[in-house]
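# Coordinate inspection notes
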Amino acid sequence: MCSGGSTTCERLKCVKRPMVREQARRGRRTRLCSYCFPTTLPRPSSGIRAAWPGPASPLPPRRGLQCRHCFRGERPRLPQSRGASPSGRRGGGRRRLAAGLPAAGRGETLRSSAGGSRQESGQPRGASARAGERRGHGGARHGAAADGGAGRRPGPDAAVLRVGPRRDAAVRDALRPERDQDIYMETLRKLFNESHGIFVGLQRCEEERAARARNAQLVQVSKNYRSVIRACMEDMHQAAISARDSALHSQYSIQVSILSAMELIWNLCEILFVEAAPAGPLLLRLLDWVQLHICDVDNMVREVLGSENPSKHKLFWNVVDIFVLQGRMDEARHLLSKEAIANPTSMNMYKILDDLMKKMPVPSLGNTQTLTEMELKWQHWHEECQRYLQDGTFASNSHMESICKILLGDENAILEKKELMTTWYHFLVTRLLYSHPTVKPMELRFYAQSSMDMFLGEESNPEPLDTILMAAFEFELHQVIKECSVALSNWWFVAHLTDLLDHCKLLQSHNLYFGSNMREFLLLEYASGLFSHHSLWQLGVDYFDHCPEYGRVYLELHIERIPLNTEQKALKVLRICEQRQMHEQVRSICKIMAMKALRNNRLGSALSWSIRAKDAAFATLISDRFLKDYCERGYFSDLDLIDNLGPSMLLSDRLTFLGKYREFHRLYGEKRFSEAARLLLMLMTAHIAPCSFWMTLLTDALPLLEQKEVIFSAEQTYELMRCLEDLTARKLDKQKFQDDDVETMKVEMLRLALARNLARVIVKEGTLEGS
Amino acid sequence: MEEVCARFVSQKISKARWRPLPAAALQPPDLFATGSWDNEDNRISIWSVGDVGSAGLNGEYQGEPQLLCDIRHNGDVMDMQFLDQERIVVGSSTGSVTVFRHHQNNQTLSASHRWENAHYHADQYTACGGAACTGVICNNPEIVTVGEDGRINLYRADQKDAVRTIDNADSSTLHAVTFLRTTEILTVNSIGQLKIWDFRQQRNEPAQIFSLTGDRVPLHCVDRHPNQQHIVATGGQDGMLSIWDIRQGTMPVSLLNAHEAEMWEVHFHPSNPDHLFTCSEDGSLWHWDTSTDVSEKPSFLHQGGRSTAYFSHSTINQSVVSAWLSNDPTKDRMEITNLIPNQTLSVNTLDVLGPCLVYGTDAEAIYVNRQLFA
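Keep in mind that this is a model prediction, so the values were computed, not measured.

Secondary structure assignment for chain B yields zero helices and 31 strands. Considering chain B as a whole, with its 374 residues, one finds that 61% of them fall into the buried category. Sequence separation of 24 or more characterises 51% of the internal contacts of chain B that already satisfy a separation of 6 or more. Split by element, the accessible area of chain B, about 14,200 Å² in all, is 46% carbon and sulfur.

What follows covers the pattern of salt bridges. A complete count under the given rule lists 52 salt bridges over all chains for this structure. Measuring nitrogen to oxygen at the nearest pair gives 3.0 Å for the salt bridge that ties A:Lys417 to A:Asp321. Of this pair, A:Lys417 sits in the loop between helix H16 (411-416) and helix H17 (418-421) while A:Asp321 sits in helix H11 (residues 316-325), placing them 96 residues apart in sequence. When its relative accessible area of 13% is taken as the criterion, A:Lys417 is described as buried. B:Glu184 serves as the salt-bridge partner of B:Arg181, at 2.3 Å between the closest nitrogen and oxygen.

Bringing unusual backbone geometry into the picture now. Residue B:Pro141 is reached from B:Asn140 by a cis peptide bond, and omega for that bond is 0 degrees. Among the structural elements, B:Pro141 can be located in the loop between strand S12 (133-139) and strand S13 (142-147). A positive phi angle is found at A:Lys614, which is not glycine, with a value near 55 degrees. In the Ramachandran plot, B:Gln107 falls in the positive-phi region, its phi being about 50 degrees despite a non-glycine side chain.

This brings us to the confidence of the model for chain B. All names here are of chain B. For chain B, the mean per-residue pLDDT works out to 83, and 83% of the residues sit at or above 70. The low-confidence segment residues 52-61, where pLDDT is below 50, has 19 contacts with residues more than four positions distant or belonging to other chains. Here the prediction assigns the complex a pTM of 0.78, and the interface score ipTM is 0.89.

Given two aromatic rings, their pairing is described by the distance between the two centres and the angle made by the two planes. Within the structure shown, the criterion is met by 28 aromatic pairs over all chains. When the centroid spacing of 5.6 Å and the interplanar angle of 85 degrees are considered together, the rings of A:Tyr630 and A:Tyr661 count as edge-to-face. Here the residue A:Tyr630 occupies a position in helix H29 (residues 616-633), and A:Tyr661 occupies one in helix H31 (residues 653-669), the gap between them amounting to 31 residues. Taking relative accessible area as the criterion, A:Tyr630 reaches 10% and is therefore assigned buried. A:Tyr661 gets classed as buried once you look at its relative accessible area, which sits at 0%. Among the aromatic residues, ring-to-ring pairing joins A:Tyr630, A:Phe657, A:Tyr661, A:Phe664, A:Tyr668, A:Phe673 and A:Phe693 into one connected group. Note that A:Lys418 overlies the ring of A:Phe455, its terminal NZ or CZ placed 5.2 Å from the centroid. In this structure, B:Arg151 packs its charged tip against the face of B:Tyr120, placed 3.9 Å from the ring centre.

What follows deals with the sheet that holds strand S20 (residues 219-224) of chain B. Residues and elements named next belong to chain B. What the four strands build is an open sheet, ordered S20-S21-S22-S23; its pairing is antiparallel. Strands at the two margins of the open sheet, each flanked by one partner only, are S20 and strand S23 (254-256). Strand-to-strand twist in this sheet, taken as the mean axis angle between neighbours without regard to direction, amounts to 20 degrees. Summarising the sheet, strand S22 (residues 241-245) and S23 pair through three bridges and their orientation is antiparallel.

Residue and element names in this part refer to chain A. With respect to the helices and strands, the residue Ser-402 is situated in helix H15 (residues 398-407). Given a relative accessible area of 12%, Ser-402 falls into the buried group. A polar contact of 3.0 Å, which involves the side chain of Ser-402, links it to the backbone oxygen of His-399. Among residues more than four places away in sequence, those in contact with Ser-402 are Ala-413 and Lys-417.

Calculation rules
- Residues numbered from 1 in each chain as written.
- Chains lettered and ligands numbered in written order.
- Predicted model: local features only at pLDDT ≥ 70, side-chain atom pairs only at ≥ 80, totals over all residues.
- Heavy atoms only, no water.
- Helix = DSSP H or I, 4+ residues; strand = E, 2+ residues; numbered from the N terminus.
- Buried < 20%, exposed > 50% of the residue type's maximum accessible area, 1.4 Å probe, protein only.
- Contact = heavy atoms within 4.5 Å.
- Areas by Shrake-Rupley, 256 points an atom, 1.4 Å probe, with all protein chains shown as cover.
- Salt bridge = Lys/Arg side-chain N within 4 Å of Asp/Glu carboxyl O.
- pLDDT = per-residue confidence, 0-100.
- Phe/Tyr/Trp six-rings, centres within 6.5 Å; stacked < 30°, edge-to-face > 60°.
- Lys NZ or Arg CZ within 6 Å of the ring centre and 35° of its normal.
- Pairing = 2+ DSSP bridges.
- Axes fitted to C-alpha atoms, helices over the stretch in contact; angles between N-to-C directions.
- Polar contact = N/O pair within 3.5 Å; in protein donor to acceptor, adjacent residues only side chain to side chain.

See below:
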């Protein structure tokens, strides 16, 4: 059954993983990876269940891949909002909320009512205060986003937010108090990361596919999500096992049960909404669903089959009953045949029952038979069962009689097996199987409600999970999403589920009175949560990208708040902004980095950053620093940068000057004096050089003037003289009576040098012309 | 068929490196190390992909990397290199450089030596802030580190102090470093320059500067051809792959338009240098193969289902034996394959050794491909 092969999974081509398991079904072997395996759909008719050891494959469970019921008895269950609070009030609060979401606008009243409901629910004050703090924290973060986010998010989301963090006190205490705790769980990060890939893939896949192919694709996506939840559950289970600390252990166990509840809900939504199975196949899907999620039986089966004489085991009939209740006829018959062999006297009775079970008509998955055909067959078979029951064929064996009653869909007989079914939705599916096999999707709600009432009776009240499933059976999509938002501690589930349902075009009719629509609202919430994490923010970007209305504003506001510890991180953030043409953010990031570099005296780096941001003002500032440093030290630092400015030199005048001035130095160093002289003069006459720097430039001209060879022409010398006079005249205007000895001496020397140069050049030019 | 194993590890991977094989080893590598970044506590982890002892029950998880041990690391892991079979040198965003020792008998990691503040900003206003160490390269026993402060440090594994430090070696950030010869190193910086430094020279100046023309696109990674030391490949911010011949000219021999975003790493295959691997911020990992003989696969007949493309070099000056520098237009083709079909988040790192490839991503996953040339 298991192979260490090297092929990839045949079912999901999503993630390339090593092939780990094979599933035999209808003579064909499908190779599945560890992730996809648990989500196989049709129940193998041969009764071979590879993942969960069934009668035909009593293998030991592998690497904790047991049903979640075997996870130390963790059932799929959502954290009860408050154990102490009376049920009536809790229900009331929920109803109020349910009414609140679509009817937004009345934010204030809603907010107060939500607050009120908490007060009256008699919850300990301390917990309330703590929850309040946490929300306050989140609110502060999100408040910034809301400012720019068109000042929306009034009541309803506030209500959801308020109720969002309702969770088990144990969970709350075990985790960090004032954070969105789930994001900080190592194992859940895998869930976030892997589902991110699926999410992006879903957004990318084109819309124009044929409806049928499109539907198949969406179902596939849904399965991918579920297998990620499964994988995460496995990891969490492993973590729970290896946890030494008991608090940690219980924390993990709680997460396992929450995850398994998530998967249970998701699976039901997949059947009802994504796949939208029609009457007939619908029942088969529901059976699969129950078989997949309620598998106490497998432990029992293993125990029974492992014993020396299975038919004498005390749980034998329980196992048979469970098989019958779950519609696993082949397995039930297999077991019964063992019993029959042991009791040759009542062989006939067994034969009849076996025959009945064999003949039971099942809806077909393909289009091979019509519903009426099926119903006819069913009627016929039903009458046959009825006949046998009435003529007392099974009267001698109470077990078999009750099985026959179950086959007839006798509700009381089924209800007697309450302990074996454990949940009302199992009861619902069993009841449908034996009394309404061709149930239509729209009829589900009636059976669901009555099944729940019958099963739970008067005394107990429904848990959050029950309400959610009930809402799903009632096809109240929005109610499902709402209830999940209330019951679950993070936005992952609702955001992804809503997005998927939106791609199924199921949510379009519903518009919120705030923001854009529910999908976007939930995605924004989820992504904002990711952004508050020090490491997961990168995932959030893609979610914002797929929120057409407010995604960009959110992203802009969030991305600016990411701390930039290293240049590499800055580059990554910068890339995100550049890809989305967020020029404002690009500029601000570059400025931050340039400022940082400047503080660290890394002028070269700072200049690079400001060039990247095309920030002229900052480039000027840095160029001035360079020039100042030069004036103080007499040499340039960071030559490798200044020499290679290239076209970016044109960013600011000062930067141009810096580059050109450095070029003058290079020419001078290379003894290309006439070029150097021309450049120097040009810097002043074209007014590239700042006036404060003219004196330095003129001083730089001194050695050129004093060269043996004449460099400046007469005209150039006149220009130089004019520059000098301009400068002194300006100086005089400003500081008439401040006489600086050094300055005057410099001017005197310059004048002298210019005069001498002029004399020489006149002579030279005169002789040249003369000759 | 390709065998790629993935594992989600709950931390963004910044570096992944195979443990080097002993000289005479024939078997493929079985151990690699990863470093994480941007986490509250970052970790150095050692993973095993060997068949022995690592396979789970019934061998079903065969091939998936198994965690052997890990240790906390202060700051983001910026670069990481194996010094020898047991020791790993790690550069941190805090500016320190640490040597970790992997004890193979009891599978633990410990820090055996640390140079605090190997890279720092000298500043009068703030108290000596550390500057990220961006690149590390080892040539046992020598270790060279470069950083955002533009400093180059030369350490010896067994000595406490730096053997040589070049302050302000670069005015901009140095992004990566590699050994050219035993005394010469190559660095790339954020203004598109490739510099050769010779430790025999006492001057604190580069022996040679090469640069991309004009637009000063930052270079992020550098690798040298394992056999022909004059051939150097660099990857830039715009995803461009540049091949340089450092014997001549100051410009790259060829510029190949590749990824759409920053190229984070480039590696020649150590024993099969006709193959080159690059990974990028855009979430792709490319395999460049110049060993393809055109006569075998005429391009007009080749209809690959994979994203295969033929590229032609543009500017070549001379004919050399190496395919990377060749200028014969008919022969001058390379096959490029993207190894990641559905890319999303950045592939930060890759390492290749023998038939094995490992890469790590920002999607918190590590991938191992053990049949690269199958």
